[in-house]
Number of protein chains: 4
Amino acid sequence: MIRAAILGATGYTARELLHLLLRHPEVEITALTTRQETRPSVAEIHPSLRGRLDLVLENLTPTEVASRADCVFGCLPHAASAAAVSELLAAGCRVVDFSADYRLNDPKIYAQWYKVEHPDPARMPKTPYGLPELFRESIRGANLVANPGCYPTAAILALAPLLEAGVVSPRGIVIDSKSGVSGAGRTPKPAFHFPECNENLAAYAVGQHRHTPEIDQVLGTYADVETNVVFTPHLIPMDRGILTTAYSDPVEEVDADAVLGVLRKKYQDEPFVRVIDELPNTKNVSGTNFCEVTARVVQGKVVTISVIDNLIKGASGAAVQNFNLMYDLPETTALL
Amino acid sequence: MIRAAILGATGYTARELLHLLLRHPEVEITALTTRQETRPSVAEIHPSLRGRLDLVLENLTPTEVASRADCVFGCLPHAASAAAVSELLAAGCRVVDFSADYRLNDPKIYAQWYKVEHPDPARMPKTPYGLPELFRESIRGANLVANPGCYPTAAILALAPLLEAGVVSPRGIVIDSKSGVSGAGRTPKPAFHFPECNENLAAYAVGQHRHTPEIDQVLGTYADVETNVVFTPHLIPMDRGILTTAYSDPVEEVDADAVLGVLRKKYQDEPFVRVIDELPNTKNVSGTNFCEVTARVVQGKVVTISVIDNLIKGASGAAVQNFNLMYDLPETTALL
Amino acid sequence: MIRAAILGATGYTARELLHLLLRHPEVEITALTTRQETRPSVAEIHPSLRGRLDLVLENLTPTEVASRADCVFGCLPHAASAAAVSELLAAGCRVVDFSADYRLNDPKIYAQWYKVEHPDPARMPKTPYGLPELFRESIRGANLVANPGCYPTAAILALAPLLEAGVVSPRGIVIDSKSGVSGAGRTPKPAFHFPECNENLAAYAVGQHRHTPEIDQVLGTYADVETNVVFTPHLIPMDRGILTTAYSDPVEEVDADAVLGVLRKKYQDEPFVRVIDELPNTKNVSGTNFCEVTARVVQGKVVTISVIDNLIKGASGAAVQNFNLMYDLPETTALL
Amino acid sequence: MIRAAILGATGYTARELLHLLLRHPEVEITALTTRQETRPSVAEIHPSLRGRLDLVLENLTPTEVASRADCVFGCLPHAASAAAVSELLAAGCRVVDFSADYRLNDPKIYAQWYKVEHPDPARMPKTPYGLPELFRESIRGANLVANPGCYPTAAILALAPLLEAGVVSPRGIVIDSKSGVSGAGRTPKPAFHFPECNENLAAYAVGQHRHTPEIDQVLGTYADVETNVVFTPHLIPMDRGILTTAYSDPVEEVDADAVLGVLRKKYQDEPFVRVIDELPNTKNVSGTNFCEVTARVVQGKVVTISVIDNLIKGASGAAVQNFNLMYDLPETTALL
């Protein structure tokens, strides 16, 4: 059994991860951390897990965590996460990091978007980006994997193959994303107060969302030039799900079948990406680790539409998929 | 024109009240208060009113408010409200008080449920309870009216006529109420965080909700003996609306038609109560000052079902209806 | 491997059942039926199962089904179901019947509520009611089990132990239930059109819901006399979940701890019932086979509050739990 | 008093129109039509209007309607509408047509998108498009006005001024729109069944929505060349509201302030368009006739975001605004 710990286990992604790990035949959950000193039980923090897991959340140092766990899932805020990750790796743990700390390769871009110097810059370019569909071989056996952001997952899975195949231009890409509210985390704020966001619809952080450089970094790799996407996230009155509508210009005239063909070829052996003819919706992938994607050509523009569950394929499911690869377990374990 | 002010103008009931008062041909809104010192504009606090009302919210004393307004709508918390009301009345204002401070007649019961001594106990039994359908004559021309709670409005309108007519017993009444989340106010809290209360359903404050003594006081008046209702509120994942299902025992065997007959007779001339044969739903009264009510007899029990919009008939609409009566204006002004 | 078939596999309960059975290590899904002649694929009918199950839905006779399956899950409408069940049993299949056909023992009560003569009345009183917490021994090894209704499951689990222990009176029980809309099935109707039931709340079928006799039958068994419950279902604007607030009169004065004690004793070894001190909510059991229940005493009345996922513990999860018992498999298989 | 009739008065737009017209001091509602022969009352069809309007819906010919009404609001399906409109105009009525029949100028484009020959092509190019902010003078005093589509209203109000001012290019405009479900009408269909579209999010009719030519026609007028917009509508799990995020390329480098300046100048005297610095949301305009719009520049692209209530500014409110202009009444009558 692989002993697993979760750092910062009070949020929604930790809760989803716990539900998944409880189904994982190779995992024993041995430590959960929080900054609270009251040692709350799992049932107090996540009542949906009452009776499922008899553990308390503790304020543990990385060293203490390392003494109890082989693999650590880090759900800490950025910067705090990198500090803990360094210690955990030094102590011999493997880590799946949910924070943004090791997603970007360039400390300068990190500092620009996250307004803080990266505490462990040398490790940034060496850490694999945990999107198995694109970076499986570098994830396999790794000691540290940077779990991707939810928006980047949906956007990159739709666009990277088209850039890689040279079907669409890297210039002028528009990514219009819509997300359920669980993506905003568990801390109550006016914008997420039920009577404010129920029956409501808004764009937010237009042109300023921190997932932007992450998308550009990966798409740039596939395009071989900088992309500079226009990224607009929207808040949708539902719990979970992301739908991303991306608009790009074909390099040469193309039809929907050709675009779908490129996507199908790329993902034909993928266990968790379904390229479909129909227009996808978020409900069909809700609670699952699947991404569904389709494409259309409208007035000469390539329109791709991709959906994921932001808490599963966009966070905790991807983490388990990465974990399975890191330990050379069947990739779908605990995910079907 | 009657100059109107709102104390504590940042919440949902104040916003609804502003929308109604802007349609009132006899009202000029002249002052809005807040404890914030930043003098925010109406548009900053209530963006839905952008361009409709050019006022700032100010931290004003009751004396300052009295110098600008003839009638004051008080949306302050309990106890704080009574303190302000005394001063306003002394300065010659009329007041519609949204707080619970003048709803109860008995300072001891108030202290027991609100955990504070009432600052103005003498005025409690003299203040009319602002449910025009039952207390119209005492409201007409009054200087102070206690605007009812939202749950009591829906429950009392269904049950008081049946107790008055001696159709149902005052013993063993069960009031099972369901409310949209706007009833919980505008302050973000974990229980009202969108991902917590969306797609969720819960009872709360079972047997302990502060609207209980208010219901018992009014029903007791109509029953001529104490009632002691069992009151169970539930939180429903929607913005607005209350549906109350009440269960009572008939004094003698009765059928639904007889019960409906009693309700129809009581409310035949009421502009805002519709006694209907069909089962009511909250959407049909949403955004309006109407209450709809019906009755059934099941296994010998009388089942009444009543619906209101908690922010209108359950708060701001009732306040305007009371205001109209206080100033002897047509009762439906600004409410249709 | 046990070969499993589903009759009437187009609805929500069938979809949930498929998701559960795909996780069941002892089950192979071998046949799915529909009255449609077009042989639609699983993916066409249930897009959430794209790529998970390569079967078509066929218009098969019971004999054809029996040749392919050992155990059949029947999701047919009442009356149609009994006709098929007789044939399947005769052909050697075991059956879990989701319809109401074998829940009631008395053909007369069935005819009164379902407005049709029962086609197989002799089998009615011999068929175990598939609530393992109360009827486990009769379910174990059975060839036919009547899967309970969703409302009865939530109501009975809360009330039966209190009647069995003689804590509450069988007279005057009020069951006020609230359900998400998936309980209404998959057929579009005006009442379930999104803009009609979103942001809305209504009671329906007051005193006339067909789950009433089922509740009375089981509660009557535990009370040793007839109960005649007042049952009021309500439609809540959410997908899934039932919360039932039941009101009963104690035989002798009682407090909440005593009531909770009775429930705890009854369910102490149950894998899927959690007796809790807190007020439960539907979200904590959503997507699971758990029932959570608590109790309060208010103004002398016993108030119990119980929650389930109507599609899992109220339908497909219960069916798998029954299946596990029928085949003497660990009861929680595929359900955690 | 102007006698008003509504053709096809059973849908959501008719219901909203009735609520608005009941507040209009110059209007008397005299006739409502339906194809049903049962003469249902307003209360049966629109229970929210119980007690507000004592009329039945009748199956009337245009001639019969014309004998009772001065102005007719047509809520009929396309093609059926044009047939009725011709007769009504001939009989001396004025008409506000909610259908698409007189929005387009070119019968060929109409036939291409609506798959039917237009029955009254000569009148098409002469009928003003009922967006007062752009076509006020041609609406004033008109006998027939084509009420705009909901999506075009939100899109055109954001983009037309930028094209008119030469700020953005007419080429490559992307319009990504999100709408609440009431826009789909009142007829139950699988896609709008509550458990299907609640907690769900999808694009639909990608590149094929019939509002596309209407948007291109008006934008083309302002651009002086054809636009060929890429229009993608999405279905959002809420009742009402449209948010449109539009992406266009500036002709010369531009910043957000300059874009906002163009919008402010265009709409400075408009009673129902609010150009704001903040990101708008649909809830702030819900239930109102307001459009809010803002602009940003991201990676060199102009991003505009506009919101309306699809049933008010996108349908019935616009109709009343047009009516007011047609009869030379104050434009905001019944709309504030």
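Refer to the preceding data block for the structure.
What you see is a predicted model, and the numbers here were worked out from it, not measured in a lab.

Asker: Go over the overall build of chain A with me, naming the residues and quoting the values.
Answerer: In terms of regular secondary structure, chain A is built from 11 helices and 13 strands. Whereas a compact globule of 336 residues would reach a radius of gyration of roughly 20 Å, chain A reaches 19 Å, a difference of no more than 12%. Counting only C-alpha atoms and orienting by the principal axes, one finds that chain A spans roughly 60 × 45 × 40 Å. In chain A, which comprises 336 residues, the proportion classed as buried is 65%. Element-wise, carbon and sulfur atoms account for 48% of the exposed surface of chain A, whose accessible area totals about 11500 Å². Taking the 30 positively charged and 39 negatively charged side chains of chain A as two groups, their mean positions are separated by 3 Å.

Asker: Hey, could you go over the sheet that holds strand S6 (residues 144–146) of chain C for me, with residue numbers and the actual values?
Answerer: All names here are of chain C. On the basis of which strands lie adjacent, the open sheet formed by six strands has the order S3-S2-S1-S4-S5-S6 and parallel pairing. Pairing within the sheet leaves two strands with one partner each, and these edge strands are strand S3 (57–58) and S6. Two strands pair when backbone bridges link them, and strand S1 (residues 2–7) and strand S4 (residues 71–74) are joined in this way by four bridges, in the parallel orientation. Bridge assignment links Ala5 to a residue of S4, and that residue is Val72. Helix-sheet contacts for helix H11 (residues 312–326) involve S1, strand S2 (27–33), S4, strand S5 (94–97) and S6, and the interaxial angle to S5 is about 155°.

Asker: A description of the relation of the copies chain C and chain A should follow, citing residues and the corresponding values.
Answerer: Structural alignment of chain C on chain A gives an RMSD of 0.0 Å, achieved by rotating through 180° and translating 0.0 Å along the axis. The symmetry that links the two subunits is that of a two-fold axis. Every residue of chain C has its C-alpha some distance from the rotation axis, and the shortest such distance is that of Glu199 of chain C, at 4.3 Å. Both copies share a contact surface, since 100% of the interface residues of chain C are interface residues in chain A too.

Asker: Give me the lowdown on the pairing of strand S4 (residues 71–74) of chain D, citing residues and values where you can.
Answerer: All names here are of chain D. Residues of S4 alternate between two faces, with Cys71 and Phe73 on one and Val72 and Gly74 on the opposite face, all of them buried. Pairing analysis gives four bridges linking S4 to strand S5 (residues 94–97), with the strands arranged parallel. Along S5, the bridge assignment pairs Phe73 with Val96. On the question of chirality, the crossover connecting S4 to the parallel S5 by way of helix H4 (residues 80–90) is right-handed.

Asker: Outline the packing of helix H6 (residues 132–139) of chain B against helix H11 (residues 312–326) of chain B, listing residues and values.
Answerer: All names here are of chain B. Where H6 contacts H11, the two axes come as close as 10 Å, and the packing angle between them is 35°. Two packed elements cross with a definite hand, and for H6 against H11 that hand is right-handed. Only Lys313, Gln321, Asn322, Leu325 and Met326 of H11 make contact with H6, whose side of the interface consists of Pro132, Glu133, Arg136 and Ile139. When the residues that make up the contact of H6 with H11 are grouped by side-chain class, the tally is four nonpolar, two polar and three charged.

Asker: Account for the interface of chain A and chain D, naming residues and giving values.
Answerer: Listed by partner, the interface residues are 40 residues for chain A and 40 residues for chain D. Summed over both sides, the interface of chain A with chain D buries roughly 3300 Å², with 64% coming from carbon and sulfur. Counting every contact that joins chain A to chain D gives two salt bridges. A salt bridge links Lys178 of chain A to Asp176 of chain D; the nearest nitrogen and oxygen atoms lie 3.1 Å apart. The interface formed by chain A and chain D includes 22 residue pairs in polar contact (both at pLDDT 80 or more). Elements with a minimum of two residues in the side of chain A that touches chain D: strand S7 (174–179), helix H8 (194–197), strand S8 (202–203), strand S9 (230–235), strand S10 (242–248), strand S12 (291–298) and strand S13 (301–308) of chain A. Among the residues forming the side of chain A that touches chain D, the class breakdown is 20 nonpolar, 11 polar and nine charged.

Asker: Help me get a handle on helix H4 (residues 80–90) of chain B, residues and values and all.
Answerer: Residues and elements named next belong to chain B. Of the residues making up H4, those classed as buried are Ser81, Ala82, Ala84, Val85, Leu88 and Leu89. Summarising the axial view, the buried residues of H4 lie within an arc of 165°, below the 170-degree limit, and thus occupy one face. The inward-facing, buried residues of H4 contact strand S1 (2–7), helix H3 (62–68), strand S4 (71–74), strand S5 (94–97) and strand S6 (144–146). Looking one or two places after H4, you find Gly92, whose phi comes out positive at around 95°.

Asker: Describe the nonpolar core, with residues and values.
Answerer: Side chains that are nonpolar tend, in soluble globular proteins, to be buried together. Membership of the largest hydrophobic core comes to 184 residues, with the highest contact counts inside it found for Ile6, Leu32 and Phe73 of chain A together with Leu32 and Phe73 of chain D. In this structure Ile6 of chain A touches Ala14, Leu17, Leu18, Leu21, Ala31, Leu32, Thr33, Phe73 and Cys75 of chain A, once residues within four positions along its chain are discounted. Leu162 and Val285 of chain B together with Cys71 and Ile156 of chain C belong to the second largest nonpolar core, which has 183 residues in total.

Asker: Lay out the pattern of salt bridges with the relevant residues and their values.
Answerer: As enumerated under the stated definition, the model contains 88 salt bridges over all chains in all. Arg123 of chain B is the partner of Asp120 of chain B in a salt bridge, and the nearest nitrogen-oxygen pair spans 2.8 Å. Residue Arg136 of chain B pairs with Glu270 of chain B through a salt bridge whose shortest N-O separation is 2.7 Å. Remark: Glu270 of chain B occurs in the loop between helix H10 (256–267) and strand S11 (273–275) and Arg136 of chain B occurs in helix H6; sequence separation between them is 134 residues. When sorted by exposure, Arg136 of chain B lands in the same class as Glu270 of chain B, which is buried. Residues joined by salt bridges that share partners form a network here, namely Arg15, Glu16, Arg240 and Asp309 of chain A.

Asker: Break down the relation of the copies chain A and chain D for me, citing the residues and quoting the values.
Answerer: Superposition record for chain A on chain D: RMSD 0.0 Å, screw rotation 180°, translation along axis 0.0 Å. Take the interface residues of chain A: 100% of them recur as interface residues in chain D, which is what a same-surface contact looks like.

Asker: Report on the sheet that holds strand S2 (residues 27–33) of chain A, specifying residues and quantitative values.
Answerer: Pairing between sheet strands relies on hydrogen bonds along the backbone, with the strands arranged either parallel or antiparallel. All names here are of chain A. Taken together, six strands build an open sheet; the order of strands is S3-S2-S1-S4-S5-S6 and the sheet is parallel. At either end of the open sheet lies a strand with only one pairing partner, and these are strand S3 (57–58) and strand S6 (144–146). The sheet strands contacting helix H4 (residues 80–90) are strand S1 (2–7), strand S4 (71–74), strand S5 (94–97) and S6, and the helix crosses S5 at an angle near 160°.

Asker: Explain the interface of chain C and chain A to me, and be specific about the residues and the numbers.
Answerer: Accessible area lost during the coming together of the parts is what is often quoted as the interface size. With 17 residues of chain C at the contact, the number on the chain A side is 17 residues. Of the roughly 1600 Å² buried between chain C and chain A on both sides combined, carbon and sulfur atoms contribute 40%. Viewed at the interface, chain A and chain C are joined by six salt bridges. The closest approach of N and O atoms between Asp239 of chain A and Lys283 of chain C, which form a salt bridge, is 2.6 Å. Linking chain C to chain A there are 10 residue pairs in polar contact (both at pLDDT 80 or more). For the side of chain C that touches chain A, a count of residues per class yields five nonpolar, three polar and nine charged.

Asker: Which residues make up unusual backbone geometry, and what values go with them?
Answerer: Phi is positive for Asp328 of chain A, which is not a glycine, with a value near 55°. Among the structural elements, Asp328 of chain A can be located in the segment after helix H11 (312–326). Taking relative accessible area as the criterion, Asp328 of chain A reaches 60% and is therefore assigned exposed. A positive phi angle is found at Gln299 of chain D, which is not glycine, with a value near 50°. By relative accessible area, Gln299 of chain D is classed as partly exposed at 47%.

Conventions adopted
Residues numbered from 1 in each chain as written. Chains lettered and ligands numbered in written order. Predicted model: local features only at pLDDT ≥ 70, side-chain atom pairs only at ≥ 80, totals over all residues. Heavy atoms only, no water. Helix = DSSP H or I, 4+ residues; strand = E, 2+ residues; numbered from the N terminus. Rg over C-alpha atoms; globule rule 2.2 N^0.38 Å. Buried < 20%, exposed > 50% of the residue type's maximum accessible area, 1.4 Å probe, protein only. Areas by Shrake-Rupley, 256 points an atom, 1.4 Å probe, with all protein chains shown as cover. Lys, Arg positive; Asp, Glu negative; His and termini not counted. Charge placed at Lys NZ, Arg CZ, Asp CG, Glu CD. Pairing = 2+ DSSP bridges. Contact = heavy atoms within 4.5 Å. Axes fitted to C-alpha atoms, helices over the stretch in contact; angles between N-to-C directions. Least-squares fit on C-alpha atoms with pLDDT ≥ 70 in both. Right-handed = clockwise from strand over helix to strand, strands pointing away. Left-handed = near helix turned anticlockwise from the far one by under 90°. Nonpolar A, V, L, I, M, F, W, Y, C, P; charged D, E, K, R; others polar. Buried area = accessible area lost by both parts, 1.4 Å probe. Salt bridge = Lys/Arg side-chain N within 4 Å of Asp/Glu carboxyl O. Polar contact = N/O pair within 3.5 Å; in protein donor to acceptor, adjacent residues only side chain to side chain. Arc of directions from axis to C-beta. Core = buried A, V, L, I, M, F, W, Y, C linked by side-chain atoms within 4.5 Å.

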